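If you want the building blocks of each chain, they are given just below.
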Amino acid sequence: ARPRKHQQKVDISKKLEQTTLVAKNKTTAKKHQQKNKQNMQPVDPQQQQQLQLPVSDKNLSACKTCHAVLTEQQFLTQGCNTCGMEQMNRDELSKMTTNKFSGFIGLVDGKHSWVARLIGCKHLPPGVYAAETGLGDSDDEDGDDI
């Protein structure tokens, strides 16, 4: 009968250890969640209004002035918040934007981003930008880096 009691004690000890570890992990996870909530800062309403992201991956164009990447429809209906262009018609769209660009830069926080500082776009609001525009355009053969 002794081996059974000893085995039961070992099993109970293992279960107790596992329960204790699970409880510690849950407590640690809750502490991390609370800490993260405290560190999260509210989004500035002005910055939130300026945020423009492409709503599709089709018919993308880049603003020739600020390199913001949006769909053609967004440029037509909303304009470009980054450089302050209002809604535009088709003729203005072809003059102010280009579909010949390469590379995407997703900018979240330009002021604190070392990448934004490196490429010189820390002044831009959050959004998606073209790394290079005007590729193959007859009026701008070099292309325009951001």
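Above this note sits the structure.
Figured I'd write up the structure that's included with this text. (Residues numbered from 1 in each chain as written. Predicted model: local features only at pLDDT ≥ 70, side-chain atom pairs only at ≥ 80, totals over all residues. Heavy atoms only, no water.)

Right, let's get into the nonpolar core. Core analysis: the largest hydrophobic core is formed by 16 residues, its most contacted members being Cys63, Phe75, Cys80, Leu107 and Tyr129. When contributions to this core are tallied by element, the ones reaching two or more residues are helix H3 (72–78) and strand S4 (101–107). Apart from the residues lying within four places of it in its own chain, the contact partners of Cys63 are Ala68, Phe75, Cys80, Cys83, Met85, Met96, Thr97 and Thr133. Grouped together as the second largest cluster of nonpolar side chains are six residues, Leu60, Val69, Val128 and Ala130 included. (Core = buried A, V, L, I, M, F, W, Y, C linked by side-chain atoms within 4.5 Å. Buried < 20%, exposed > 50% of the residue type's maximum accessible area, 1.4 Å probe, protein only. Helix = DSSP H or I, 4+ residues; strand = E, 2+ residues; numbered from the N terminus. Contact = heavy atoms within 4.5 Å.)

Let's shift gears to the pattern of salt bridges. According to the stated counting rule, one finds one salt bridge in the structure shown. Two residues, Arg90 and Glu72, come together in a salt bridge whose shortest N-O distance is 3.6 Å. Taken as a pair, Arg90 in helix H4 (residues 90–96) and Glu72 in helix H3 lie far apart in primary sequence, 18 residues in all. With relative accessibility at 24%, the residue Glu72 sits in the partly exposed group. (Salt bridge = Lys/Arg side-chain N within 4 Å of Asp/Glu carboxyl O.)

This part covers unusual backbone geometry. Despite not being glycine, Asn59 has its phi angle at roughly 55°, a positive value. For Asn59, the location among the structural elements is in the loop between helix H2 (45–50) and strand S1 (60–63). Within the chain, His67 stands out as a residue other than glycine whose phi angle is a positive 75°. Structurally, His67 is set in the loop between S1 and strand S2 (69–71). Exposure remark for His67: the relative accessible area of 4% places this residue in the buried category.

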